[in-house]
Every structure is written in structure tokens, then in C-alpha cells.
Amino acid sequence: MWGIGVAVYFVAVIFRTSLGVAGLDAQERFHVDASALSTFSILQLLVYAGMQIPVGLLVDHLGTKKVLVLGTVLFTLGQAGFAFSPSYAAALASRALLGCGDAMTFISVLRLGTRWFPARRAPMIAQIAALFGMAGNLVSTVVIARTLHGLGWSATFAGSALAGVVVLVLLLLFLKDHPEGHEPPPRTERGGLGLRHVRRQIAATWREPGTRLGMWVHFTTQFPGMVFLLLWGLPFLVEAQGRSRADAGELLTLVVLSNMVVGLVFGQVIARHHAARLPLALGTAGATALLWAAAIAWPGAHDPTWLLVTLCAVLGACGPASMVGFDFARPANPPARQGTASGIVNIGGFTASMATLLAVGVLLDATGDNFRIAFASVFVLEALGVTQILRLRARTAQRERDHVVASKVEAVHVPV
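Everything quoted here is computed from the prediction, not taken from an experiment.

**A look at a negative patch on the surface**
Thinking step 1. A cluster of acidic side chains, namely Asp33, Glu239, Asp365 and Asp369, defines a negative patch on the protein surface.
Thinking step 2. Mapped onto the elements, Glu239 comes out in helix α10 (residues 209–240).
Thinking step 3. Accessibility expressed as a relative area gives 47% for Glu239, which makes it partly exposed.

In C-alpha cells, the structure reads:
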């Protein structure tokens, strides 16, 4: 069951990241500059981020299958529409539709994992789900990049859309929200998705320091790797670093492979050592900032290969580190709020990615494609995120200790 959900997420990530290897082709096809090109990804992420809390509420109320089916239909239509868009405006609309469907996948997969696996495996299950997502990214950087130049724009994007049809059939025929005999307890509150209940649900989830800390961890750690893979990595490597498209593709592939390896390591470490969550997140943010600074401040015209390889390997850790945010929000909220909590956390990294994509595009146009200046915008959001993490960490730790004490007291007073 969980594998079917992960297959949907795998396809969604292929569609989400397919523009990352087609950025230069999109500029030529739609005759747009860097700012307009970044609008594709910004709009897609804006829709994605804006849908996170509504999707979390839908998952909590409707279950995983219904939300995944709707999401699959939307992102498949978006990818197919992008293949045949006759204009820049039509292509924007297609990416927005894709972002809406994509937004419904990951939170649903996280919820599916909590229903089909014991709680102690949650960190590892979440990292493995993200690993399959990165495998989808790998398909984009390897397969789509090659077919794009072999088969052309429309054939590549329309052909990839068929994968959405395949996973939709799997969803409709086989997926179940939970094992038989393990139905979730009936909801005690009334109101469905009424405005009053939605406000209460969001407010109760936001009041938990673990939810807010999780959001800021996701915010701080995810966006450098996302910005690099989703859009600006290929132009940076080709136009600013003088690398061939083949070399740039290999470096982007390294980011994906590093992500997959690091994800497995982080999942194992966190499952066994809960206290390692924050050191891993802050360590990744620090290493990313250090390598990013070295890459844009290198005195020569082009960075040496070893530096670019190291940068890409470190950027691969950004995705697994962002998953740590869910491990702060998960124990802070009851099962009935897990979808909402995951939605709030997921907003963080995609909001930061959206802001950085826009900043880089604007700065590139303003400075005549000076990537050194444009990429420096990353440090502003990293500093903001680290500040918020340090502010919330003690409060979250105390709240988690209170939850542990309360659960022990409740266990003592349970009648035999």
C-alpha cells in the first residue's frame, strides 16, 4: 500500500523537476528572460506552498486515497498541458495546475506511512519516501534531459505524462488508507471542514512549538538544494562555470545520488538517536553555507572541479535535513492533526525556495547575469532560518519532555 503512494510521489517529483533540465530550452521556446523563466518555478512553488495547509486538512478529513487520486489527475493534466502549451501564459497555467496536484502527494504519503508502519519507524519511513522522490529527480536529470534533445519538447513532456496515468490506475484499483482492523478512531468533534473547525485545527497545530520549529528547520535546510536542482543549477554550471551540458547533468545527478545516500544515513541515525535531529539540521545548514560561499567567492573565473563536486555532494544533504522538520512536528501533534502539521512544516522550505528563485532571477537580470551576486541571496534566508531555529529549540525540548511525563502519568492511571 505504501509503495503505491510512494510511486505517485515518485512520478510527481519527475514532473516537478522536469523543468530543471529544460530551463534553457524553455527560454528559447517561449522567448523569455531569466526573471520570466524563474516565474515558472515560482508559480509552481507558490501554488504548492499555498496548498499545504488545505491539503493537510483534506488528508485529515477525507483520507489518503481520495486526496492522492485528485492530486494525480491534476499533476498529470498539468504535465500534458505543458507539453503542448502554445504560449508562455498557457505554460504558466499548466505549471500551476501541476503544482496544485504535486502539493497533494507528499503529505498523503507521510500519512500513509503512519497508518501502515509503527511509530518508531516513522523517521526512516519518511526518509525512504523522500529517497524515492529523489529517484524521480534522477529520472529528470538523466532520462528527460536526454529525451528532450532526442525527441523534442512535446514528445518528451507528453510521454512522461503517461506515467501519471499508470499510477492513477494503481491508486484506483489497489490503494487502501489503512490495514483492515486498524481503522482510525471516529472523530469526536463536529463541523467537518467548516471555517470554525479549520481555524481551531490550524491554531492548535501552530501553538505547538514543535510544529513551528519543524517549519523553520524545513525552511532553512531545503531551499539551497531545491533552487539548484529545480532551476538555477544548470544555467549556473553551463553559463557561469563554462561546463558542458553533459558535465552539468552529471553534477546535478551527483546532488540526487548524494541525497539518496544521506537520506538513508539520516533516517537510521535519527531513529536510533532522537537527540541528533537538531545537530544534523544545523550542521547541514552550516556546511551548505560554507560551500556555497566558497563556490561564489572563488577568485578564478571558474570554480575548480573538486569544489563543484563537493558543493553538489553537500547540496544533496539538504533534502534529508529538511525531513528532520517533520520529526519535530510529528510527536508534538495527535494523529487527528498529523496532516495539518505536515502541511505547515512543508510550507517552510517551499516558501524559501520560491523567494530565492525570484531573487536570483531578478538579480541576474539586474546585474547582467552575475551569478556571484545573485546566488548570495541564499545567505539572507539561511540567517533568518537559523535565528528562528535557535529561538525555538529550548521551548520545543521542554514541550517534548512535558509530553513524555504526561504520557507516563496517564499510563500509571489507566485502570486494569
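**Some thoughts on helix α8 (residues 153–174)**
Thinking step 1. With 22 residues, α8 should reach 32 Å at 1.5 Å per residue; the first-to-last C-alpha distance of 33 Å fits that figure.
Thinking step 2. Listed in full, the buried residues belonging to α8 are Trp153, Thr156, Phe157, Ser160, Ala161, Gly164, Val167 and Leu171. All buried residues of α8 fall inside an arc of 125 degrees around its axis, so they share one side. Seen from the buried face of α8, the exposed residues on the opposite side, beyond 90 degrees, are Leu162, Val166 and Leu173.
Thinking step 3. Tucked into the core, α8 has its buried residues touching α1 (2–17), α2 (23–30), α4 (64–83) and α7 (122–151).

**Examining the side chain of Thr105**
Thinking step 1. Looking at the secondary structure, you find Thr105 in the loop between α5 (88–102) and α6 (106–116).
Thinking step 2. Given the relative accessible area of 0%, Thr105 is considered buried.
Thinking step 3. One polar contact links the side chain of Thr105 to the main-chain carbonyl oxygen of Asp102, over a distance of 2.7 Å.
Thinking step 4. Beyond its immediate stretch of four places on either side in the chain, Thr105 contacts Val8, Tyr9, Ala12, Leu68 and Phe75.

**As for empty space enclosed by the protein**
Thinking step 1. Here the structure, examined in full by the defined rule, presents one cavity of 30 Å³ or more.
Thinking step 2. The calculated volume of the largest cavity comes to roughly 320 Å³.
Thinking step 3. Elements that contribute at least two residues to the lining of the largest cavity include exactly α1, α7, α10, α11 (245–272), α14 (318–329) and α15 (338–367).
Thinking step 4. When residues in the lining of the largest cavity are grouped by element, the largest group, six residues, is from α14.
Thinking step 5. When the residues that make up the lining of the largest cavity are grouped by side-chain class, the tally is 15 nonpolar, 11 polar and one charged.

Each value, and the rule that gives it
- Residues numbered from 1 in each chain as written.
- Predicted model: local features only at pLDDT ≥ 70, side-chain atom pairs only at ≥ 80, totals over all residues.
- Heavy atoms only, no water.
- Patch = residues over 30% accessible without salt bridge, like charges linked within 9 Å, V, L, I, M, F, W, Y side chains within 5 Å.
- Areas by Shrake-Rupley, 256 points an atom, 1.4 Å probe, with all protein chains shown as cover.
- Salt bridge = Lys/Arg side-chain N within 4 Å of Asp/Glu carboxyl O.
- Lys, Arg positive; Asp, Glu negative; His and termini not counted.
- Charge placed at Lys NZ, Arg CZ, Asp CG, Glu CD.
- Helix = DSSP H or I, 4+ residues; strand = E, 2+ residues; numbered from the N terminus.
- Buried < 20%, exposed > 50% of the residue type's maximum accessible area, 1.4 Å probe, protein only.
- Expected span 1.5 Å × (residues − 1).
- Arc of directions from axis to C-beta.
- Contact = heavy atoms within 4.5 Å.
- Polar contact = N/O pair within 3.5 Å; in protein donor to acceptor, adjacent residues only side chain to side chain.
- 1 Å grid on protein atoms, 1.4 Å probe; cavity = no way out; pocket = protein on both sides within 12 Å on 5 of 7 lines; lining within 4 Å.
- Points joined across faces, edges and corners; volume = space filled by probe spheres on them.
- Nonpolar A, V, L, I, M, F, W, Y, C, P; charged D, E, K, R; others polar.

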